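This is what each chain is made of:
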Amino acid sequence: MVRLAAWFHSAVEVRDPLLAEERETLLRARRPRVSLPTLSDRRRSLPLLAEARPLDRRTRPRHAVWELTLRCDQSCRHCGSRAGVERPNELTTEECLDLVRQLADLGVMEVTLIGGEAYLRPDFLDIVRAIRARGIHCTMTTGGRGLDRTLARELASAGLGSASISIDGAEAIHDRLRGSKGSYRDALAAMRALREAGVRVTVNTQINRLNVPDLPGILEVLVNEGAEAWQIMLTVAMGRAADEPEVLLQPYDLLDLFPLVDALAARCQERGIRLYPGNNLGYFGPYESRLRGTLPRGHAASCAAGRTTLGIESDGLVKGCPSLPSAAWGGGTIREHSLSEIWERASALRYTRDRTVDDLTGFCRTCYYADTCRAGCTWTSSVLFGRPGDNPYCHHRALERDREGLRERLVRREPAPGEPFDHGIFELIVEPVPRSKRS
């Protein structure tokens, strides 16, 4: 991969959040040991609220993200679910097929299959066929480690609409983050196999301090490999990513990241690639119209968890968003209640339907955009502080702090316990911008 695409020199100055020697130190450093989490086959029973309100009956999810299994063939350093081994009590094939029926009855229009690695489940293709038989668009997100030409042809035959391949940097950075040598080349091979089979290919990238300089080169890979779209998001302090806080972007890094993203967006438009900013890449800075101008409002809105999206874990736990911590945000399992009952009557899924400015704290509580944004991505803030409502990963906020001669810095105070979808606790420090960093 070209480390810095030639076209980019005239577009914007890339300000790397790390010095070259800092990146080399991270690449060579002894990484935290990857241990497989202890998985319980018991879920606490969560009572539902007494009845559904008219609001809950009107609100329907358009998109469901379904973790088919927690089993995985890689050990990614930034994996929020700490995937590796399957859960002890994952849904049976019969339960999965019934869940497909319930998703259709609830009005879901698209299901994205994830893992772990979804294709490691033996009945994976049967589930894809069942989703398509119900008239639901079916996609998947994958690292592509074991996705060869045979599987690609089977996916095409089953009706998979598109596959998003994870590319997280140039080869050395990608393999380091994925914890598997050869992972980068396998991902490219998976893209080619899918495209040859007639499956539409997109790419997703998590942005962190290791891979910022590689972003222009990743885009050139998309161009060369015929990818149709690119979703970019920030790496979040969940799961294994919480074990290496030095790899995470700091809130003040957004000041340099967003001009870069704006130039990437222009290049995407030039080459006919759709750029999708993730829900945690925000908010309301000077590049908002470029990044989200095609949305109905032309800009970001509040978190969609439990309003237009839902997440399902492989043992049937339902959440408003697939990324949210399970213990705090699980609304119940489909073994206890029907999907519609959980959607309409679980308090955890009602959270964003009911949230107001009064639920916000810190800077977000007093922000000009508070009522529209409502602290943005619930996942991002809740895994930093153990509660939602104050989100320092905001471009507008970083700009406002910078005008005051201040910046915000996150320091991990409590480590994550080592369970799927876990997190540590961070402290937010507001400090003067160092003299060497002042523009």
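Look above for the structure.
Residues numbered from 1 in each chain as written. Predicted model: local features only at pLDDT ≥ 70, side-chain atom pairs only at ≥ 80, totals over all residues. Heavy atoms only, no water.

Chemist: I tried to follow the overall build of the chain on my own but got confused; where do I start?
Modeler: Tallying secondary structure elements over the chain gives 17 helices and 11 strands in all. Long-range pairs, those at least 24 residues apart, make up 74% of the contacts in the chain with a sequence separation of at least 6. If you sum the accessible surface of the chain, you get close to 18,800 Å²; carbon and sulfur atoms cover 47% of it. (Helix = DSSP H or I, 4+ residues; strand = E, 2+ residues; numbered from the N terminus. Contact = heavy atoms within 4.5 Å. Areas by Shrake-Rupley, 256 points an atom, 1.4 Å probe, with all protein chains shown as cover.)

Chemist: Looking at this structure, how should I read the sheet that holds strand β2 (residues 110–114)?
Modeler: Hydrogen bonds along the backbone pair up the strands of a sheet, which may run parallel or antiparallel. The 9 strands lie next to each other as β7-β6-β5-β4-β3-β2-β1-β8-β9, forming an open sheet whose pairing is mixed. In this open sheet, the two strands that pair with only one neighbour each are β7 (274–277) and β9 (318–319). Sheet analysis places strand β5 (residues 200–207) next to strand β6 (residues 229–234), joined by 5 bridges and oriented parallel. Considered in β6, the bridge of N204 is made with Q231. The sheet strands contacting helix α4 (residues 124–133) are β1 (63–67), β2 and β3 (137–142), and the helix crosses β3 at an angle near 145 degrees. (Pairing = 2+ DSSP bridges. Axes fitted to C-alpha atoms, helices over the stretch in contact; angles between N-to-C directions.)

Chemist: Help me out: how do you make sense of the nonpolar core in this one?
Modeler: Most often, soluble globular proteins keep nonpolar side chains buried together rather than apart. Grouped together as the largest cluster of nonpolar side chains are 87 residues, with contacts concentrated most on W66, L103, L113, F124, W230 and L257. Broken down by element, this core gets its largest block of residues, 8 residues, from helix α9 (residues 254–271). Once residues lying within four places of it in the same chain are set aside, the contact partners of L257 are I207, L215, L234, L249 and L281. Counting residues in each nonpolar core, the second largest holds 16 residues, with M238, L324, C373 and W379 among its members. (Core = buried A, V, L, I, M, F, W, Y, C linked by side-chain atoms within 4.5 Å. Buried < 20%, exposed > 50% of the residue type's maximum accessible area, 1.4 Å probe, protein only.)

Chemist: Quick question: what am I supposed to make of the packing of aromatic side chains here?
Modeler: The way to describe two aromatic rings as a pair is by their centre distance and the angle between their planes. On inspection of all chains with the given rule, the structure shows 3 aromatic pairs. Ring centres 5.2 Å apart and planes at 75 degrees place the aromatic pair W329 and Y351 in the edge-to-face group. Here W329, found in helix α11 (residues 326–329), pairs with Y351, found in helix α13 (residues 347–354); they are 22 residues apart in sequence, far enough to count as distant. Taken together, F284, Y368 and Y369 form an aromatic cluster joined through their ring pairs. Above the ring of W343, the side-chain terminus of R353 is found at 4.6 Å from the ring centroid. (Phe/Tyr/Trp six-rings, centres within 6.5 Å; stacked < 30°, edge-to-face > 60°. Lys NZ or Arg CZ within 6 Å of the ring centre and 35° of its normal.)

Chemist: I would appreciate a short explanation of the pattern of salt bridges in the present structure.
Modeler: Close approach of charged atoms allows side chains of opposite charge to pair. Applying the stated rule across the entire model yields 39 salt bridges. Between E228 and R200 there is a salt bridge whose closest N-O contact spans 2.9 Å. Remark: R200 occurs in strand β5 and E228 occurs in the loop between α8 (215–225) and β6; sequence separation between them is 28 residues. D253 is the salt-bridge partner of R209, the closest N and O atoms lying 3.1 Å from each other. Here R209, found in the loop between β5 and α8, pairs with D253, found in the loop between β6 and α9; they are 44 residues apart in sequence, far enough to count as distant. Accessibility expressed as a relative area gives 13% for R209, which makes it buried. (Salt bridge = Lys/Arg side-chain N within 4 Å of Asp/Glu carboxyl O.)

Chemist: What's the story with empty space enclosed by the protein in this structure? I'm lost.
Modeler: The tally for this structure, following the rule as stated, stands at 6 cavities of 30 Å³ or more. Each pocket or cavity is described by its volume, and for the largest cavity that value is around 100 Å³. Along the walls of the largest cavity sit Y283, F284, F363, C364, C367, Y369, A370, C373, A375, N391, C394 and R397, which together make up its complete lining. Of all the elements in the fold, those that place two or more residues in the lining of the largest cavity are α14 (362–366) and α15 (370–373). Here the residues of the lining of the largest cavity sort into 10 nonpolar, 1 polar and 1 charged. (1 Å grid on protein atoms, 1.4 Å probe; cavity = no way out; pocket = protein on both sides within 12 Å on 5 of 7 lines; lining within 4 Å. Points joined across faces, edges and corners; volume = space filled by probe spheres on them. Nonpolar A, V, L, I, M, F, W, Y, C, P; charged D, E, K, R; others polar.)

Chemist: Sorry if this is basic, but what is going on with the pairing of strand β8 (residues 309–312) here?
Modeler: Both faces of β8 are covered, namely the face carrying T309 and G311 and the face carrying L310 and I312. Two elements, β1 and β8, share 4 bridges in a ladder whose sense is parallel. Each residue of the ladder has a partner; that of A64, found in β8, is L310. With antiparallel pairing between neighbouring strands as the criterion, β8 and β9 make up a hairpin whose turn holds 5 residues, including G316 at a positive phi of roughly 95 degrees.

Chemist: Is there a simple way to explain the side chain of D422 in this structure?
Modeler: With respect to the helices and strands, the residue D422 is situated in the loop between β10 (406–414) and β11 (425–432). From its side chain, D422 meets the backbone nitrogen of E419 in a polar contact 2.8 Å long. The residues contacting D422, other than those within four sequence positions of it, are G80, R82, M238, G239, A416 and P417. (Polar contact = N/O pair within 3.5 Å; in protein donor to acceptor, adjacent residues only side chain to side chain.)

Chemist: Looking at this model, I keep getting lost on the environment of G424. Mind explaining?
Modeler: Note that G424 resides in the loop between β10 and β11. With relative accessibility at 1%, the residue G424 sits in the buried group. Residues G424 and R412 lie 12 residues apart in sequence; the distance between their C-alpha atoms is 7.1 Å. Non-local contacts of G424, meaning those with residues more than four positions away in its chain, are made with A242, V383, L384, E414, P415 and A416.

Chemist: I would appreciate a short explanation of the pairing of β5 in the present structure.
Modeler: Across a regular strand the side chains alternate sides, sitting on one face of the sheet and then on the other. For β5, the buried fraction is high: 7 of the 8 residues fall into the buried class. Relative to β5, strand β4 (residues 162–166) runs parallel, the two sharing 5 bridges. Pairing of S166 across the sheet is with N204, part of β5. Note on the crossover from β5 through α8 to β6: the handedness is right-handed. (Right-handed = clockwise from strand over helix to strand, strands pointing away.)

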